[in-house]
Every structure is written in structure tokens, then in C-alpha cells.
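# Coordinate inspection notes
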Amino acid sequence: MKLPILTLLTTLLAFPVLAEDRAAATTLPAEKPAVADGSIYDLTSEWHDQDGKKITLSDLGDKVRVIVMGYTSCKYACPRLIADLVAIETEVKNDTALSAQVGYSFISIDPEKDTPEKLKALETQYQFTPDHWKLLSGDEDGVLELAVALGMKYRKTSPLDFAHSNIITVLRRDGSIAHQQVGLEADKTDTLTAIRSAAEAP
Amino acid sequence: MRWANDRLPLEAFCKLRIRQTVKTLFIVLAVLPILATSSPNGEDMVLIPGGSYTPLYEKDAAAVTVEPFYLDVSPVTNGQYLEFVRAHPEWRRSQIKTLFADANYLKHWAGDLDLGPDAAQLADAPVTNVSWFAARAYLKTLGKRLPNMDEWEYAACADETRPDATADPEFHRRILNWYGKPNTEKFPTAASFPADVRGVRALHGLVWEWVRDFNNATVTGESRGDTTLERNLFCAGGALSAGDPSNYAAFMRYAFRSSLKGNYAVGNLGFRGARSFNPTPDTNPTP
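Let us look at the structure shown here.

The rules behind each value
- Residues numbered from 1 in each chain as written.
- Chains lettered and ligands numbered in written order.
- Predicted model: local features only at pLDDT ≥ 70, side-chain atom pairs only at ≥ 80, totals over all residues.
- Heavy atoms only, no water.
- Axes fitted to C-alpha atoms, helices over the stretch in contact; angles between N-to-C directions.
- Helix = DSSP H or I, 4+ residues; strand = E, 2+ residues; numbered from the N terminus.
- Parallel < 35°, antiparallel > 145°, perpendicular 65-115°, else oblique.
- Contact = heavy atoms within 4.5 Å.
- Nonpolar A, V, L, I, M, F, W, Y, C, P; charged D, E, K, R; others polar.
- Buried < 20%, exposed > 50% of the residue type's maximum accessible area, 1.4 Å probe, protein only.
- Pairing = 2+ DSSP bridges.
- Phe/Tyr/Trp six-rings, centres within 6.5 Å; stacked < 30°, edge-to-face > 60°.
- Lys NZ or Arg CZ within 6 Å of the ring centre and 35° of its normal.
- Salt bridge = Lys/Arg side-chain N within 4 Å of Asp/Glu carboxyl O.
- Arc of directions from axis to C-beta.

## A short note on the packing of helix 3 (residues 78-87) of chain B against helix 5 (residues 132-141) of chain B
Residues and elements named next belong to chain B. Relative to each other, helix 3 and helix 5 sit at 80°, their axes nearing to 11 Å. Considering their axes alone, helix 3 and helix 5 lie roughly perpendicular with respect to each other. Packed against helix 3, whose contacting residues are Gln80, Tyr81 and Phe84, the element helix 5 presents Ala134, Ala137, Tyr138 and Thr141 at the interface. Classifying every residue of the contact of helix 3 with helix 5 gives 5 nonpolar, 2 polar and no charged.

As C-alpha cells, then:
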């Protein structure tokens with residue numbers, strides 16, 4: 001009934017040959033999320049913002065963009081994630097010239113429930129300034145694509161809730177990823193540095 | 001159950017073979033493809049009856065219900081993929097955006113539209129070195145999609161005679177033997193593999209396959225952090241040390257998937273298409 005341990009060990013050792021070096025199954029992914037190279041703005045999915053206006057991701061490219069993905073009915077991680085984003089904004093605001101070049105986005109992973117009204121309520125709740133804050137909701141496939149491109153993992157765990165990784169991503173104006181801050185209440189020093197250098201880039 | 005007669009074609013085939021006359025054989029050969037091709041478009045798909053299976057991705061996971069769906073009998077071939085890139089230049093090797101595929105994309109081909117000296121052999125072999133984005137784009141042109149992880153895993157519980165062979169240690173041994181083998185340079189055709197009880201070929205033993213939600217494998221409902229993967233792996237490891245090797249092959253697939261990025265093109269990773277039984281309109285404009 002049981003496989004000999006030796007067979008399993010052999011299998012484990014032989015496996016990386018099969019999966020090619022960098023995708024070896026026995027290797028744990030690094031802390032860093034698996035981000036794609038290239039521009040996020042090459043994704044052509046359609047979204048709506050908190051005013052119900054139709055937009056594409058490339059519309060976010062007017063500014064260096066700091067984004068998170070979550071869902072508005074989230075009680076646990078998302079409020080903390082948004083708080084982290086607000087903390088970053090607070091720092092950036094100290095530099096007026098910089099602040100004008102930086103935008104923030106909350107992108108919903110729950111297209112079913114996150115209507116423009118829900119996004120608007122979030123805007124009101126946090127007093128987001130519409131010049132700087134774009135809140136997005138789209139469709140299931142657009143969400144999946146963006147999440148994959150950002151290296152974000154998520155899964156619906158109940159009709160109401162999602163499990164998801166907590167990642168703050170800094171996008172350059174061209175949509176390439178400048179930096180990712182992983183986990184809640186993480187040190188934001190590197191994120192701020194990345195925002196500054198992204199703002200200096202053309 | 002509407003799909004309970006799912007196994008009929010094969011059984012009928014066996015019985016008829018006992019009586020075999022040349023005539024019946026001809027009839028069977030003519031009818032079999034029709035029976036196997038129960039997809040709405042008459043393509044090479046079979047209906048996988050709904051059911052449930054117990055996934056590995058959560059400790060003490062409850063059984064997951066899988067709705068009936070159509071699944072491609074075989075993985076997509078180089079020849080089929082070549083037709084796709086011929087019609088869609090933006091997915092050619094020289095044109096593709098780096099977000100959608102890395103430098104390994106179709107690297108085993110000689111050129112954008114050239115399979116190279118082994119073209120004849122390669123054309124019918126499964127296409128590999130294709131990214132998740134590319135696989136989706138290909139399938140979208142056919143009105144298909146990637147199977148969800150649960151769908152794939154559920155379908156992959158079958159062997160030649162049983163819809164669920166997972167209680168049989170020999171079933172897992174065969175899969176693990178394949179995982180232990182070094183990669184081959186040239187892949188055989190899926191047609192050289194036996195059809196499983198539903199007519200699907202080479203879910204195991206040929207190439208690894210992309211699933212639609214490969215990025216969901218590492219999170220659990222309990223934890224919202226980013227450290228859950230290790231715990232998941234240890235859960236699987238726990239299953240192993242408890243002397244239950246039955247999930248070990250699945251554990252390797254989850255681990256493999258969680259090491260992937262959407263733009264990775266890997267030499268032994270291909271894909272096949274799926275379609276919902278009652279397709280809801282797919283809401284997804286993709287590049």
C-alpha cells in the first residue's frame with residue numbers, strides 16, 4: 001500500500017530535472033511575489049472607477065501609480081492594506097512636487113459586489129481625493145489577469161470572502177513594476193524610494 | 001444522473017470487439033468519434049460528468065464539487081498552435097509582449113512560423129514553452145478556456161477503467177514514476193497514450209498543463225498573510241510522513257504550479273482547453 005520512502009526521495013531528487021531549473025517544484029517561491037516583466041498597461045481589460053466611468057488600466061499611467069488589490073467588504077486585511085497605502089500617501093504629501101506625480105489605486109477582486117457605489121462609499125469613508133485616487137472594479141477575467149501579472153494569489157473562500165496576498169505595487173508611468181511591498185504593515189522605506197525614482201523617470 | 005452513461009462508449013466498444021466482425025468494427029470506428037465528441041461544436045472534447053473530489057490545497061479540506069464540463073481529449077499541439085500564431089501575429093515569438101511571455105516562448109521552434117527540421121514529428125506533439133497568457137489567448141479564439149484547477153485535478157483522478165482511481169496505490173505509482181523520469185527532448189503524441197474512461201488522453205505522463213487559476217494554490221481561508229505556502233507544503237509533507245502517498249503526486253503539481261508566473265514559458269508545460277457545460281457568457285476581453 002505504501003510507497004517505499006526511497007522511491008519518494010528518488011522522485012524528489014529527480015524532479016527538478018523535469019521541471020527545468022527555475023520552475024522546479026521542490027523550490028519554494030521566494031518572498032518576492034512572482035511579478036511579470038513588461039507593462040501592466042498592456043492588459044486591455046475594461047474596468048469602471050468609483051464614478052462608474054469606464055476605464056482601462058493604461059488610464060492609470062498619467063501618474064506613478066501605487067496600487068493594491070482587495071475587496072471593499074473585507075473586514076480584516078484590506079482596511080490595513082488601505083491604511084498602509086494612506087500612510088505612504090501621507091509621506092509622499094510632504095513633498096508637494098512629488099505628490100502631484102503620484103496616484104493611488106484600490107482595485108477590487110470582487111467584481112460581483114464592488115459596484116461603483118461601493119467604490120464611491122470607500123472613497124467617502126477614507127476621504128480619498130479623486131485627483132489622486134482611482135478605485136477600480138472590473139470583471140472576473142480582468143481581475144485574474146491583473147492578479148497574475150502582479151504575482152498576486154487569491155481565492156474565493158466563501159460567498160463573502162477571499163483569501164489574498166497583501167501586496168502594494170509601485171508602477172512606473174509605463175506600467176512596469178518599480179517595486180512591491182509585501183505583507184501588512186511592512187517597512188515602507190524602499191517603497192518610498194521606488195516612488196521617488198519612478199517619478200524622476202520620464 | 002444524466003451523465004451516468006458516460007462510460008458506455010468504451011464498454012460498448014469492448015463488447016462489440018468480442019463479437020468482432022469486420023463490419024461491426026467499421027461501424028464502431030465510424031461511431032466512436034461521434035460518441036466521444038459530445039462538445040457543442042463537435043470538436044475533440046468530451047464531457048466530464050460533474051462530481052466531487054478532495055483537493056490537497058487545504059488541510060482537512062472538504063470535498064469540492066465540480067460541475068460537468070467539457071475537456072479537450074488531448075493537449076494542444078505545435079501544429080495547432082502554429083495556425084493560431086499565423087492568424088494572430090501579435091502572439092508570434094518575435095512580436096509577443098514581455099508581459100505575456102518570457103524569452104523562452106516557443107524557443108523550440110526554428111522561427112516565428114517555422115517548426116524546424118522536426119516539423120513533421122513536432123506538429124502532432126503537444127506544444128510547450130507557452131505562457132499562461134498565450135494559452136488563454138489561443139483558447140479564446142476557439143471559444144474555450146483553460147480548465148480550472150479543480151476541474152483538471154478532478155478529471156485527472158481517472159484512469160483507463162475508473163473515473164476515480166485515486167484509491168489505488170498503483171495509479172499514484174505510475175504518475176510518480178513519470179515525475180521521476182528525466183525530461184525528454186521530444187514529446188510523443190497524446191494519441192500514443194491510452195484513453196481514460198472518458199476518452200481523455202495523457203493528463204498524466206506527457207506534459208504538465210496550465211490551469212486557469214494556477215495562482216490560487218497557495219492561499220487558505222485561515223490566513224491572509226503571504227506565508228501560507230510553506231505551511232501548505234508542510235501539511236502535504238505531513239500527509240507523506242503519515243504514510244499516505246496517495247496525495248503526493250498532487251502535492252507535486254500544486255508545488256509546481258505555485259512556482260509559475262503567468263509569463264513563464266517552460267519546456268515541459270503545455271495546456272488543453274475546457275468549456276463549461278452550461279457556458280455562461282465569458283466576460284473577458286483579452287489582448
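## Observations concerning the pairing of strand 3 (residues 64-70) of chain A
Regular strands place their side chains on alternate faces of the sheet. Residues and elements named next belong to chain A. The buried fraction of strand 3 is high, at 7 of 7 residues. A two-sided burial pattern is seen for strand 3, the buried positions comprising Val64, Val66, Val68 and Gly70 on one face and Arg65, Ile67 and Met69 on the other. As paired strands, strand 3 and strand 4 (residues 102-108) are joined by 7 bridges and run parallel to one another. Each residue of the ladder has a partner; that of Met69, found in strand 4, is Ile107. Bridging between strand 3 and strand 8 (residues 167-171) involves 3 bridges; their strand directions are antiparallel. Counted as the bridge partner of Val66 is Val170 from strand 8.

## A few points about the sheet that holds strand 4 (residues 69-72) of chain B
All names here are of chain B. Spatial ordering of the open sheet is given by 1-4-7, a layout of 3 strands whose pairing is antiparallel. Strand pairing shows two members of the sheet lacking a second neighbour, strand 1 (45-48) and strand 7 (274-276), which therefore form its edges. Averaged over all adjacent pairs, the angle separating strand axes in this sheet is 25°, with direction ignored. Note: strand 1 against strand 4, 4 bridges, orientation antiparallel. Among the inter-strand pairings, Leu47 is bridged to a residue of strand 4, identified as Tyr70.

## Notes on the packing of aromatic side chains
Two aromatic rings, taken as a pair, are described by how far apart their centres are and by the angle between their planes. Residue and element names in this part refer to chain B. A complete count under the given rule lists 23 aromatic pairs over all chains for this structure. On the basis of an interplanar angle of 50° and a centroid distance of 6.5 Å, the ring pair of Tyr53 and Tyr154 is categorised as tilted. Taken as a pair, Tyr53 in strand 2 (residues 51-53) and Tyr154 in helix 6 (residues 149-155) lie far apart in primary sequence, 101 residues in all. Overall, the relative accessible area of 10% leaves Tyr154 in the buried class. Feature note: the residues Tyr81, Phe84, Trp91, Phe100, Tyr105, Trp109, Trp132, Phe133, Tyr138, Trp210, Phe214 and Phe271 constitute an aromatic cluster, connected by ring pairs. The cationic tip of Arg198 hangs over the ring face of Tyr154; the distance from NZ or CZ to the ring centre is 5.5 Å. One residue, Arg257, lies across the ring of Tyr254, its end atom 5.4 Å from the ring centre.

## With respect to the pattern of salt bridges
In the structure shown here, the tally under the stated rule is 24 salt bridges over all chains. Residue Arg162 of chain B pairs with Asp159 of chain B through a salt bridge whose shortest N-O separation is 2.5 Å. A residue is classified by how much of its surface remains accessible, and Arg162 of chain B, at 31% relative accessible area, is partly exposed. As a salt-bridge pair, Glu160 of chain B and Arg174 of chain B come within 3.0 Å of each other at their nearest N and O atoms. With Glu160 of chain B in the loop between helix 6 and helix 7 (169-180) and Arg174 of chain B in helix 7, this residue pair connects regions lying 14 residues apart in the sequence. Overall, Glu160 of chain B belongs to the partly exposed group, its relative accessible area being 27%. Ionic contacts of the salt-bridge type, sharing partners, join the residues Glu140, Asp141 and Glu145 of chain A together with Arg136, Lys140 and Arg212 of chain B into one network.

## As for the sheet that holds strand 9 (residues 177-182) of chain A
Residues and elements named next belong to chain A. Reading across from one edge, 5-4-3-8-9 is the order of the 5 strands in this open sheet, with mixed pairing throughout. Of all the strands in the sheet, the pair left with one neighbour each is strand 5 (133-136) and strand 9. Taken pair by pair, the neighbouring strands of this sheet meet at an average axis angle of 20°, ignoring direction. Sheet strands touched by helix 6 (residues 189-200): strand 3, strand 4, strand 8 and strand 9. Its angle to strand 9, the strand with the most contacts, is close to 165°.

## Concerning helix 4 (residues 116-126) of chain A
Residue and element names in this part refer to chain A. Regarding helix 4, the residues found buried are Leu119, Leu122 and Glu123. With its buried residues spanning 100° around the axis, helix 4 presents them on a single face. Projecting away from the buried face of helix 4 at angles above 90 degrees are the exposed residues Glu117, Thr124 and Gln125. Buried-residue contacts for helix 4 involve strand 1 (46-48), helix 2 (77-93), strand 4 and strand 5. Following helix 4 by one or two positions, Gln127 adopts a phi angle in the positive range, close to 55°.

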